[in-house]
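# Tertiary structure, described
Here's the letter readout for the chains.
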Amino acid sequence: MRKIIELKNVSKAFDGQTVLDNVSLDIYDNEFLTLLGPSGCGKTTTLRIIAGFESPDSGSLSFLGEDILSLPPHRRNVNTVFQRYALFPHLNVFENIAFPLREKKVPQDEIRGKVDEMLRLVALTGFEKRSVTSLSGGQQQRVAIARALISRPKVLLLDEPLAALDLKLRKDMQQELKNIQKATGITFVFVTHDQEEALSMSDTVVVMSEGRIQQIGTPIDIYNEPRNAFVADFIGESNILSGIMLQDRLVRFSGRDFPCVDEGFARNEPVDVVIRPEDVVIVPKGQLRGTVTSVTFLGVHYEIIVDIGGFKWMIQTTGFADVGDEIGIYVDPENIHIMKKSEYSGLFGDYSSFSNEFDELSDAESEAEP
Amino acid sequence: MKEKNGLRLARRLALGPYGLWAMLFILVPLLFVAYYAFTDNDFAFTTDNIARFFTATSVSDGVVTHTYLLIFWRSLKLAVISTVICLLMGYPIAYILSRSPLRTQKILITLIMIPMWMNFLIRTYAWMTILQDTGILNSFLRLLSLRPVHIIGTEGAVVIGMVYDYFPYMILPIYSVMAKMDVRLEEAARDLGCNSFGVLRRVIFPLSLPGVISGVTMVLIPSISTFYISQKLGNGKFYLIGDAIEGQYVANNLHFAAAIAFILMVILLIGMALMQRYANSRAAA
């Protein structure tokens, strides 16, 4: 695969506040790459540096091997879909999409043809004359995508493009964006704080936190082999316990030894142990025993919080247990994932203060990010 | 339903005082102007006053003689020049202002508005002392061993006075439109291939047009009918339409003064209607 964009040791601070800390990232031809992280992690700044709206304090940015840091945005072969679309309110749908071509003085016939093609691509044929302010959020989104794609950029940058849409529409647009990316063969760099969105759409996920890249990998890698407690917690739900790697394939946590499949750690090395809630099985006796403290019905499954020796585990199960029940749990060796200790150890993965409400609150906050 | 009616009544009552004010002090005087314009000294209907504006070959104001059409043309010319200067200076300032930190914006807006707190006559007199042949400007030039300039009594002095007096009325409406403009639109334009001039021409200017139109209106109309500035800064050599109205009024030719005022008003209304139509057609395109 051909490398299109290469960021090397990029750092950026605003008013002394570090936003990007030595970020290096390669973006390849024809891939759907997602920058994923909570608000303030530096994902949008990374995108704006690629687009040319910000310049880094240090580091380099090359495009097909050529340094483009000195190029202004209009000379870069990338286009952006903005968070709130940034459609031109004084122009109708046709003129919004034709905007880049008019700047290049493309003949009218050709503009007509290309805009028609774009309208077909985003399923908006017949909307040419409509004012963009009269369109629904989803339709505005499509116009923004058509406008950004009409010049056939090598790379399309998308800054939380679905954040303003409601859930149902968002799901549809995810699929559609994926289809458009496949149909056009253009590299997509997609920014989101929604991990589900990132997992379902991407070829490559780049998890960011506090201005640093935590992990780069396929969605499956990122989910199954998180590199540290931050990634494990941010992608899906995780029980993260502190443990000791006794030897290859044997780990001790919660006062018991568990067989596992990981190797290559030092003898008796302190580690973080990740166990996904859906991998915990409720059994009559079990490897560990604890008391159920909360049960939430979520439709597909129950979410059960169980107190095992003071550590609260989350379990997702289709079986039922009642609050106060004493249950046993079993975890398959395949489902015990061992990580090296990191600065994030001990910060995540215990559901003592767990509440669905908190999750929603913090989501709403990050969506309010400008 | 009942509540809705109550609300409507409340709204009407709230509008009452202004309605009365507008009736008494705007509508009725306008009707008086029209009435005087079309009557003679015995209040009999006549179009002579109107005809006189277009046909009177000359008037004597003590200094020069000229036709009313020439006076009107000169007023229009100086007003348009002043408006264009205000626009060219005010537009970039309004833009820079709208993109500055909020604190800077507040300070600068206050600075721009401070001259408006001072009396119009004092401001004009101040300009006299600056621009006179032995005034502050020329003293300063002499201090730098530069050649003094003769400005007072020229059209340039009148234009300087008008620009100074009406400048804030140009900046404020443009600024308020630009402050509401989404900065992302500029980024989008750059992203889609526009250089700085392209962003200005294709996005910023079209979106700021409503502000430009109201700024132009608010500068052009008062400067076309101004009278005092030309007398003081033009040494009375540039008799403007406002001066003509004042002159006729002082000379107790109320009917002719009303006729000039009436004609000026009609011309301005037509001009404003044309401008609005242009703006609407731009908005529709």
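Everything discussed here concerns the structure shown above.
These remarks concern the structure in this document. In this text the structure is predicted, and so the values were computed from the model without any measurement. (Residues numbered from 1 in each chain as written. Chains lettered and ligands numbered in written order. Predicted model: local features only at pLDDT ≥ 70, side-chain atom pairs only at ≥ 80, totals over all residues. Heavy atoms only, no water.)

### Considerations on the pairing of strand E1 (residues 3–14) of chain A
All names here are of chain A. For E1 and strand E2 (residues 17–28), the ladder comprises eight bridges, and the chain directions are antiparallel. Each residue of the ladder has a partner; that of alanine 13, found in E2, is threonine 18. Hairpin remark: E1 followed by E2, antiparallel, with two residues in the connecting loop; positive phi at aspartate 15, about 50°. One ladder, built from five bridges, connects E1 with strand E4 (residues 58–63); its direction is antiparallel. (Pairing = 2+ DSSP bridges. Helix = DSSP H or I, 4+ residues; strand = E, 2+ residues; numbered from the N terminus.)

### Let's talk about the packing of aromatic side chains
All names here are of chain A. Following the criterion strictly, the structure yields 28 aromatic pairs over all chains and no others. Judged by centre distance (6.2 Å) and plane angle (35°), the ring pair of tyrosine 344 and phenylalanine 348 falls under tilted. Its relative accessible area of 24% is what places phenylalanine 348 among the partly exposed residues. When the ring centre of phenylalanine 88 is taken as reference, the NZ or CZ atom of arginine 147 above it lies at 4.8 Å. (Phe/Tyr/Trp six-rings, centres within 6.5 Å; stacked < 30°, edge-to-face > 60°. Buried < 20%, exposed > 50% of the residue type's maximum accessible area, 1.4 Å probe, protein only. Lys NZ or Arg CZ within 6 Å of the ring centre and 35° of its normal.)

### Notes on the sheet that holds strand E12 (residues 250–253) of chain A
Paired through their backbone hydrogen bonds, the strands of a sheet run either parallel or antiparallel. Residues and elements named next belong to chain A. Strand order in the open sheet made by the five strands is E13-E12-E11-E14-E20, with antiparallel pairing throughout. Looking at the sheet topology across the chains shown, the edges are occupied by strand E13 (256–259) and strand E20 (337–340). Ignoring strand direction, the axes of neighbouring strands in this sheet form an average angle of 45°. In terms of strand pairing, strand E11 (residues 239–247) meets strand E14 (residues 269–275) through seven bridges, oriented antiparallel. (Axes fitted to C-alpha atoms, helices over the stretch in contact; angles between N-to-C directions.)

### Some words on the interface of chain B and chain A
Reports often express the size of an interface as the amount of accessible area lost when the parts come together. In this assembly, 19 residues from chain B lie in contact with 22 residues from chain A. Both faces considered, chain B and chain A share a buried interface measuring about 2000 Å² in area, 56% of it formed by carbon and sulfur atoms. On the chain B side of the contact with chain A, Asp191, Leu192 and Arg202 of chain B bury the most area, a combined 38% of that side's loss. The tally of links between chain B and chain A comes to three salt bridges. For arginine 184 of chain B, the salt bridge is made with aspartate 159 of chain A, and the minimal N-O distance between the two is 3.8 Å. Along the contact surface separating chain B from chain A lie eight residue pairs in polar contact (both at pLDDT 80 or more). (Contact = heavy atoms within 4.5 Å. Buried area = accessible area lost by both parts, 1.4 Å probe. Salt bridge = Lys/Arg side-chain N within 4 Å of Asp/Glu carboxyl O. Polar contact = N/O pair within 3.5 Å; in protein donor to acceptor, adjacent residues only side chain to side chain.)

Interpretation in functional terms is not warranted from these geometric data alone.
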